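Read off the chains here:
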Amino acid sequence: MSTALESPAATPAFQQVSAARKVKNGIATTLVWFSFLIAVVPLVWVLYTVVANGIKRIPYTNWWSEDLGSVLGDEVGGGVLHAIIGSLLQGLVCAIIAVPIGMLVAIYLVEYGRGKLAKATTFMVDILSGVPSIVAALFIYALWVTTLGLPRSGFAVSLALVLLMIPVVVRSSEEMLRIVPDDLREASYALGVPKWKTIMKVVLPTALSGIIGGIMMALARVMGETAPLLVLVGYSAYVNWDIFGGEQAALPLVMNNERVSNSIEPGSVGFDRVWGAALTLVLIIALINLLATLFSRIVAPKKK
Amino acid sequence: MSESSSTRTPTGDPGGRSSSAKKVPEDPISEQPASPAAQPPASEKPKKVRAGDRIFQNLTTGAGLFVVILIALIGLFLLVQAIPALTADKANFLFSHGWSTNDPGNMSFGILDLLEVTVATSVVALVIAMPVSLGIALFLTQYAPKRLSRIFAYVIDLLAAVPSIIFGLWGILVFAPAIEPFSQWINSTFSWFPLLAPGNVQPNVRGTIFTAGIVLAVMILPIITSLSREVFERTPTPHIEGALALGATRWEVIRTTVLPFGKAGYIGASMLGLGRALGETIALAVILLIPQGRDFSWSFFDGGSTFASKIAVNYSEFNNETSAGAYIAAGLVLFVLTFLVNFAARAIIGKKGD
Amino acid sequence: MEETAVKIMRPLSAVCIVASAALVLAACGTDPAASTNSASNTASAPAATGTAEVKCGGKSPLSAEGSSAQKNAIDIFTQQYTKKCPGQQANYNPSGSGAGVKQFNANQIDFGGSDSAIKDADAAAAKTRCGSDAWNIPLVVGPVAVAYKLSGVDKLALTPSVIAKIFSGGITKWSDPAIKAVKGNESLTLPDKPIQVVSRSDESGTTDNFQKYLGAAAKADWTKGAGKKFNGGVGNGAQGSNGVATAVKGADGAITYVEGAFAKDGLTPALIDSGSGGVELSAANVAKSLDAAKFVKDGSNDLALDLNAIYASNIPGAYPLLLTTYEIVCSKYSDAQVSQAVKAFLTVAATDGQQPLSAKGYVPIPQSLQTKVLASIQAIS
């Protein structure tokens, strides 16, 4: 007995890793590193292009505080304030509508759903994610403008964006809710907490940071959509706070206008505006993302 | 008895997720603590709580129903707009190439080309994006140091903020010219292989499915990666530690704990990516060149339009209901295609979750 | 608590970085390159000198939509309009001629911009919307270039017949003798490359006018008809003017038709020889073509131009391939506010707005046309 305790735990105490396993491990590691490196190249390339091409006109106050109502297509000057306001308003209204609906659907699928309706719902969410932005826009046009007779407006754009945002919110929330450990739920039920309170006060806060990440991803995507803007709202070169009437601008619309009516050769004003607007959108979304992360960190329950 | 049943009903069935092994007989145990003192409040509680539960349940079920109805409405809209055009179509809608809808009295259009291009671009995008996303997600959660992982995760999320029109412009103005030598090389070296033979936009290799598919892969990468990463990150530590304690190598840990746990999430994320790829509109409209007078020639170096990009490119000239209906009919086919693809995917992969 | 503090610190510090960036921005001030006034006004074509009274006021912002080819011109008009009528605004949505007509007929906009005159079914729908006839008022004229990229060839002359054959597949190589045979090309060495034709894949007024031109000027060689969709059946289509320009820039031996303003930076516009020698693309040369302008409805206030006369013309030194954009208006608006604003805007456009156009590649309308245009505008009620 003493000999066994005296001698230190030498290698024979543990099993050797066989060569085959080592090789598999090595291959896996290589593949994973490889895929990472492959992916890094285009990702960094795109972001670099956006930053490098867009940075020229952005660091000046007029870019952020003026609109394009008083400059010509190829005159330097003016700014995209009208587009920033439009994009933010449309995105905000879209989020206000889409996030509650999306999360309720996700909760339904994870906590309540059983049987045919749940199967149909999850299937339909996948279908909705495949609906092209132009079809969503045409659908809202047929509903809002043709059937209901209401004018084109930023609100109609928000409605189309809701259609595009819901699937992403649902899917990501659903996944986050699913991986909340059952122990938490069971503990809550065992304490006599009703189901809906369990969901609201235990399950959701636990999954919150992941859900917020999913919402941010969805928001980022819809704020960059062009097709609904082309169909459902007229372009305004001036600031317009009224989302329910009249023309409104948005960042992708500015980009599209320049692409359609101006030369976008490197060095031209059109070029600066297109990439500048793109960089502006990325920066705004990055900022919203940061604020959302901050919010979720403050609100989320401590993990360990 | 009444209080035990009242404590059970509100908590109720934990929904369509857990097994039914939860129905542990509580009566003998809970009956004791539920002494007369607890009775009055206990008999009040069930009414309030039950109502709250019911309201909440109806709310969420309503939301689910809303989504189903929404899709039905969209399908209906597509059908109603498309039917007049379909009946006026002189060519076989599903199986002919070519598209001529200018004269409402003499339309002949077929979606075969659109179908082929849509499927080709989406396939290229998925084939590239799915393994790469998996690799990145695993890398960021299992292999990379925490700092690098956080920074890089943020960079990838930032990429989702880049608008699709910019991806199109980047694709055609920056990416395509840069990989042109590579594309040319593949085109000439592998021209004997049907899928890589010179396409119908020869000798142009920039505005092809090859380029578009790669750009599309870059576009859907953030979605798949981000969601997969979130899921992999939340693999329960006991599982991982257990595997490590058994002497597993890193890969074996991943294979036995992270992947099974995250499989459903990864598949769900990939379906989102697929949906995005099928429905991408503006980026493909900007990149793809459209061959005039030549059909799809089964090569990745072909050009053409997808369902979505065709509608977008021609939207501004929807002059009359019948011609517009032809394009809506194309949208309808995409709708049905999405149904079929999702159906097939679910059948192959099996039931999710549970 | 400390852990939460640490967790908050990182994103919070990032927000602080952003805040300080904003302060740096404020320090940078306004873009020094911003021009407060248009630069040189190198008028290469004389602008009409008529003036007319402008009654400012009415609906603001005015909403218009239509052809993207005239977006830059409308910007100039808007600038002059806001100068003349301070406080008034006008918006223009460059979503395409078809969209312009459609939204006009749907009563969503005040006037539309279209590269082809409104007629037939559209005109009937417009009449219903207006309660009166709809008029076409030509205010923006611009050249369409036949632009190519061919290394080593800086100057190329083409006849309508050769152009028609190239764009319908009759001529497929640059070395074709028919190209060499055009007067002015004798000294050129044309390589044996295939000609890559690039056309507009989207429905476009530019395509419509180009095909109309070929049908009028090269009747025997262009049998494909006109229309907003390219009927040539050869080459590749790209989306938008920038799309075709990019496609040509990326391929040696490519040729396309595109608005004059896009035929630069790697593209070269060809000279067009209508029978009296190759004519360079320039505003002055297009203005000469406009002298042959005739109207479809002579004597009416609807000023749709008979372009076939211009296209088939053979005035020496005149560049015939042009694009006219019409503003589609109601002859009588039901809302007096709209009518006043439309009249004010169009009057400024027809007078002060024409001179700056030449700097942007458009052609100011000649005097004779301007008089008629002003008369029509005045007649709007």
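Residues numbered from 1 in each chain as written. Chains lettered and ligands numbered in written order. Predicted model: local features only at pLDDT ≥ 70, side-chain atom pairs only at ≥ 80, totals over all residues.

### Digging into the overall build of chain B
Item 1. A count of helical and extended segments in chain B gives twelve helices and three strands.
Item 2. For chain B, the proportion of its 354 residues judged to be buried stands at 51%.
Item 3. Across chain B, every contact between residues at least 6 apart in sequence was considered, and the portion connecting residues at least 24 apart equals 75%. (Helix = DSSP H or I, 4+ residues; strand = E, 2+ residues; numbered from the N terminus. Buried ≥ 20, exposed ≤ 12 C-beta atoms within 10 Å, placed from the backbone. Contact = placed C-beta atoms within 7 Å.)

### Topic: the domain arrangement of chain A
Residues and elements named next belong to chain A.
Item 1. In terms of domain boundaries, chain A breaks down into domain 1 (19-54) and domain 2 (62-299).
Item 2. Computed over C-alpha atoms, the centres of domain 1 and domain 2 are 29 Å apart.
Item 3. The interface is formed by four residues belonging to domain 1 together with five residues belonging to domain 2.
Item 4. Class assignment of the residues belonging to the side of domain 1 that touches domain 2 gives a composition of two nonpolar, two polar and no charged. (Domains from an automatic or database assignment. Nonpolar A, V, L, I, M, F, W, Y, C, P; charged D, E, K, R; others polar.)

### Focus: the domain arrangement of chain B
Residues and elements named next belong to chain B.
Item 1. Examined at the domain level, chain B breaks down into domain 1 (20-88) and domain 2 (108-353).
Item 2. Of the residues lining the interface, nine residues belong to domain 1; the matching set on domain 2 comes to nine residues.
Item 3. Among the residues forming the side of domain 1 that touches domain 2, the class breakdown is seven nonpolar, two polar and no charged.

### So, helix H7 (residues 154-178) of chain A
Residues and elements named next belong to chain A.
Item 1. With 25 residues, H7 extends 35 Å from end C-alpha to end C-alpha; this agrees with the ideal 36 Å at 1.5 Å per step.
Item 2. By the largest-angle criterion, Met165 marks the main kink of H7, which is about 35 degrees, and a proline, Pro167, follows within four residues.
Item 3. Most of H7 sits inside the fold, with 25 of its 25 residues counted as buried. (Expected span 1.5 Å × (residues − 1). Bend = angle between axes of the 7 residues up to and from the residue.)

### Some points on the pairing of strand S12 (residues 322-330) of chain C
All names here are of chain C.
Item 1. Within S12, nine of the nine residues are buried, which leaves the element mostly enclosed by the surrounding structure.
Item 2. Here strand S3 (residues 111-114) pairs with S12 via three bridges, running antiparallel. Residue pairing across strands places Gly112 opposite Ile328, the latter belonging to S12. (Pairing = 2+ DSSP bridges.)

### Concerning the interface of chain A and chain B
Item 1. Counting residues at the interface gives 89 residues for chain A and 81 residues for chain B.
Item 2. Top contributing element to the side of chain A that touches chain B by residue count: helix H2 (residues 19-54) of chain A, with 18 residues.

### Structural notes on the pairing of strand S4 (residues 134-149) of chain C
Residue and element names in this part refer to chain C.
Item 1. Of all 16 residues in S4, 16 are buried, a share of seventy percent or more.
Item 2. Here S4 runs beside S12; their pairing, made up of nine bridges, is antiparallel. Residue pairing in the sheet places Ile137 in a bridge with Glu327 of S12.
Item 3. As paired elements, S4 and strand S8 (residues 254-259) share six bridges and run antiparallel to each other. Along S8, the bridge assignment pairs Ala145 with Val258.
Item 4. Relative to strand S9 (residues 268-269), S4 is paired through two bridges, and the arrangement is antiparallel. By the bridge assignment, Tyr148 is partnered in S9 with Thr268.

### Observations concerning the nonpolar core
Item 1. In terms of nonpolar packing, the biggest core is built from 307 residues, with Ala160, Met165 and Ala278 of chain A together with Phe345 of chain C touching the most fellow members.
Item 2. When residues in this core are grouped by element, the largest group, 17 residues, is from helix H4 (residues 81-112) of chain A.
Item 3. The residues contacting Phe345 of chain C, other than those within four sequence positions of it, are Leu62, Phe77, Tyr81 and Ala90 of chain C. (Core = buried A, V, L, I, M, F, W, Y, C linked by C-beta atoms within 7 Å.)

### A short note on the sheet that holds strand S11 (residues 278-279) of chain C
Residues and elements named next belong to chain C.
Item 1. The strand order across the open sheet built from three strands is S5-S10-S11, with neighbouring strands paired in mixed fashion. The open sheet terminates on both sides in strands that have one partner only, identified here as strand S5 (157-158) and S11.
Item 2. Two strands pair when backbone bridges link them, and strand S10 (residues 271-273) and S11 are joined in this way by two bridges, in the antiparallel orientation. Counted as the bridge partner of Asp273 is Gly278 from S11.

### Quick word on the packing of H4 of chain A against helix H11 (residues 251-261) of chain A
Residues and elements named next belong to chain A.
Item 1. The N-to-C vectors of H4 and H11 enclose an angle of 130 degrees; their axes lie 7 Å apart at closest approach. Here H11 runs oblique to H4, going by the angle between their axes. Contacts between H4 and H11 pair Ala83, Ile84 and Ser87 from the former with Leu251, Leu253 and Val254 from the latter.
Item 2. When the residues that make up the contact of H4 with H11 are grouped by side-chain class, the tally is five nonpolar, one polar and no charged. (Axes fitted to C-alpha atoms, helices over the stretch in contact; angles between N-to-C directions. Parallel < 35°, antiparallel > 145°, perpendicular 65-115°, else oblique.)

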